[in-house]
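Secondary and tertiary structure notes
These are the residues of each chain, in order.
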Amino acid sequence: MTVDQLSWDDIRLLLAASRAGSLSALARELGVDPTTVGRRTKALERSVRLSLFQRGHGALGLTDEGRHLLRHARQMEEAARAFRMSARNLHDAPEGLIRISAPPTLARFVLAPGVAALHRQAPGITVEIETEPANVRLETWEADIAVRLGPPTEVTDTLLIRKVGQVDYAVFEPEGAPVPPGWAAYAKRFSHVPEAAFIEEALDGAEPVMRANDPMSMAQAVAAGVARTVLPVMLGTAVPGLRQAGSPVLQREVWLLRNPDTGEASAVRTAHEWIVALFEGPYRWAGPS
């Protein structure tokens, strides 16, 4: 066999060897005996006329030449994965469980009221909404779709992202009562987000009346007359006992992120377009910019 006759199975041997670390582990991964593994690795080296593997006392590593070719093998592995995924998607039906991570306010006031529209369009889809006070970490990808306030900072070539709208934030006070001097502030670990930073600047070093990581809890405290706070307008206008103090003081962009491994599946695409429509349609609170 020559290098021009190599098959994908031959190249996968290099990938498997890079992960195994030993001849016995590679044999177990391939489901063959160590003698067969030794024969196949030597045959691959003869085909490319290069020394690819470092062998010693049962250990198995890659030479410099092997590591150089490994980069190309990984690209081929990714292309093969994308090929299989695309082939499945061509026959995929919009059904199954779709996991969506979203901030609590958007989950309550945009996604949940809009589930009926998705069910009419794709009754085979079940939505699981996980509320996350902070933006979900992309490296774990525990969701199929992540709804984020603000653009992603960890952009990669495979990340599927789209800006879909914006949310207005305003100061809210107790309705029908004197304006209290204190503030309800966000938990300190959220001090970097715009609404929390606005309150911290207003506090100017003073302590707030309360801190919370849940905007609804802060809204209820304000309605009880204890403080002022900054809330999404969609939340503040929905809670009894609050009044908006003037025009919005800031806006935050809404972005959708899709898992690169599942983002092109029919069900995920359907759910993604449903969320886009929510920000453009009857549940729209601020239009895309």
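Residues numbered from 1 in each chain as written. Predicted model: local features only at pLDDT ≥ 70, side-chain atom pairs only at ≥ 80, totals over all residues. Heavy atoms only, no water.

Examining unusual backbone geometry
Comment: phi is negative for the bulk of residues other than glycine, and the bulk of peptide bonds are trans. For R49, which is not a glycine, the phi torsion comes out positive at approximately 55 degrees. By secondary structure assignment, the location of R49 is in the loop between α3 (34-48) and β1 (53-56). On the basis of relative accessibility, which here comes to 76%, the residue R49 falls in the exposed class. Phi at D204 is positive, roughly 50 degrees, even though this residue is not glycine. (Helix = DSSP H or I, 4+ residues; strand = E, 2+ residues; numbered from the N terminus. Buried < 20%, exposed > 50% of the residue type's maximum accessible area, 1.4 Å probe, protein only.)

Overview of α3
Spanning 15 residues, α3 covers 22 Å between terminal C-alpha atoms, matching the ideal 21 Å at 1.5 Å per step. Elements in contact with the buried residues of α3: α1 (8-20), α2 (23-30) and β1. The opening residue of α3 is D33, an N-cap whose side-chain oxygen sits 3.0 Å from the backbone nitrogen of T35. In the stretch just after α3, R49 is the one whose phi turns positive, near 55 degrees. (Expected span 1.5 Å × (residues − 1). Contact = heavy atoms within 4.5 Å. Polar contact = N/O pair within 3.5 Å; in protein donor to acceptor, adjacent residues only side chain to side chain.)

A few points about the environment of L250
Inspection of the secondary structure puts L250 in strand β11 (residues 250-258). Taking the C-alpha atoms as reference, L250 lies 9.5 Å from V230; in sequence the two are 20 residues apart. Not counting residues within four places of it along the chain, the set of residues in contact with L250 comprises V167, D168, Y169, P194, E195 and F198.

What to know about the side chain of T270
Looking at the secondary structure, you find T270 in helix α9 (residues 266-280). In this structure, T270 is in contact with P94, L118, Q121, A122 and I125, ignoring residues within four places of it in sequence.

Overview of α9
Taking 1.5 Å per residue as the helical rise, α9 with its 15 residues ought to reach 21 Å, and the 21 Å between its terminal C-alpha atoms agrees with that figure. Summarising burial for α9: eleven of the 15 residues are buried, a large majority. All buried positions along α9 are accounted for by S266, A267, V268, T270, A271, H272, W274, I275, V276, L278 and F279.

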